[in-house]
Amino acid sequence: MARITAGVATSHVPAIGAALDNGKAAEPYWQPVFAGYDASKKWIAEEKPDVVILVYNDHASAFSLSLIPTFAIGCAEEFKPADEGWGPRPVPTVKGHPELAWHLAESLILDEFDMTIVNEMDVDHGLTVPLSLMFGQPAEWPVKVIPLAVNVVQYPPPTGNRCYNLGKAIRKAVESFPEDLNVQVWGTGGMSHQLQGPPRRADQPRVRQRLPRPADRGSRRPGEGPPTSTTSARPAARASSSSCG
Amino acid sequence: MTEKPYHDIPGTVLFDAEQSRQGFHLNQFCMSLMKADNRAAFKADERAYLDKWPMTEGQKQAVLDRDWNGMIAQGGNIYFTSKIAATDGLSFQQIAAIMSGVTQPEYAEMMLKGGRSIEGNRSKKDPK
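Everything numeric in this text was worked out from a predicted model, so none of it was measured.

Let us now look at helix 4 (residues 57–64) of chain B. Where helix 4 of chain B is concerned, the buried positions are Gln59(B), Lys60(B), Ala62(B), Val63(B) and Leu64(B). One or two positions beyond helix 4 of chain B, positive phi appears at Arg66(B), with a value near 50°.

Under the counting rule described, the total for this entry stands at 18 salt bridges over all chains. For the salt bridge of Asp111(A) with Lys172(A), the shortest nitrogen-to-oxygen distance reads 3.0 Å. Remark: Lys172(A) occurs in helix 6 (residues 160–175) and Asp111(A) occurs in the loop between helix 4 (98–110) and strand 6 (116–118); sequence separation between them is 61 residues. Accessibility expressed as a relative area gives 25% for Asp111(A), which makes it partly exposed. The partner of Glu57(B) in a salt bridge is Arg47(B), with the nearest N and O atoms 2.9 Å apart.

Low-pLDDT stretches of the model should not have their predicted coordinates read in fine detail. Of all residues in chain B, 98% have pLDDT values of 70 or greater, and the mean over the chain is 92. Here the complex is predicted with pTM 0.85, and the ipTM for its interfaces comes to 0.90.

Glycine aside, the phi torsion of most residues is negative, and most peptide linkages are trans. Residues Tyr155(A) and Pro156(A) are joined by a peptide bond in cis, for which omega reads 0°. Residue placement: Pro156(A) occurs in the loop between strand 7 (144–150) and helix 6. The phi angle at Arg66(B) is positive, at roughly 50°, despite the residue not being glycine. Mapping Arg66(B) onto the fold places it in the loop between helix 4 and helix 5 (68–73).

A word on the pairing of strand 2 (residues 51–56) of chain A. Side-chain direction in a regular strand flips from residue to residue, so the side chains alternate between the two faces of the sheet. Residues and elements named next belong to chain A. Buried residues dominate strand 2, accounting for five of its six residues. When strand 2 meets strand 8 (residues 182–188), the two strands line up parallel, connected through five bridges. Looking at the pairing, Leu54 lines up with Trp186 of strand 8.

Analysis parameters
- Residues numbered from 1 in each chain as written.
- Chains lettered and ligands numbered in written order.
- Predicted model: local features only at pLDDT ≥ 70, side-chain atom pairs only at ≥ 80, totals over all residues.
- Heavy atoms only, no water.
- Buried < 20%, exposed > 50% of the residue type's maximum accessible area, 1.4 Å probe, protein only.
- Helix = DSSP H or I, 4+ residues; strand = E, 2+ residues; numbered from the N terminus.
- Salt bridge = Lys/Arg side-chain N within 4 Å of Asp/Glu carboxyl O.
- pLDDT = per-residue confidence, 0-100.
- Pairing = 2+ DSSP bridges.

Structure representation (structure tokens):
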């Protein structure tokens, strides 16, 4: 039978992905972050999971306001990196595990979790940055991935209690899958996500800053400026730039 | 507008049903910037591109002005409006700084020191 052997929890700050993609990982600003993952990378190389169920959130990449699933499970053969405004991240296509994914979908729905089944979708930094952090920059990801997207775009997201119970149902589903698989469950996101608003007090004078208009700016690739965001956990941006997480 | 408990959080606009309905076309316009051809068309003539979308004049002007908080106030969602920033080649930290009313180095400094302070940010009723 398939078994869950470990869990991984990590940030997916998009700037981290951009630092890797733009060859900045060795810079002093970034080194502490990547050095902090060395032990985890060594550990996972020994664990060799077959499949990762990656619980993440989509950042208006696969889902717009046209369709807002609370829980979506990716059942496709593969998932391409999404173009989040800069062009897709230069990382390998993510390979799925349709047999286990469909088994999960069936089991979860019969357990009264109304999953949305997704057969075509791109995956954004929320899913690919954790893979980069754990596996570095391989030619192919050394693991099959089942994306499980949780809505955090539109209020209200599912309650913590609902997510906890979904986790228990995932375990039950995995353990009822006949094939012998080493399965990990990953979770990714930020504990705090205040991206806007006054940094200190509401009564600070508002400094309205104008940046040059796009026309004046030329076409700088993200990540070519000074390192920026480590920022708040997630919606930081992709690339030293971009959107959040 | 019905008063909700989360309206009390200083500086935070929660993307609820009301915001989502108001910002639908603005956010769908932002989604269109996920395609390179659309980004090129937008950059070539922003006004003409925006006019293809049934957005309010206020929303269009906020986009033209890159008034990020103005977009949020009119139903924009950061996950969507950040695609405009990406199209401009701006880092997320740059727009987060603008939205917070500080310079980017100041914002970076705040993050390196542990992030935005909770003091004064729990409730609009907190003493100044």
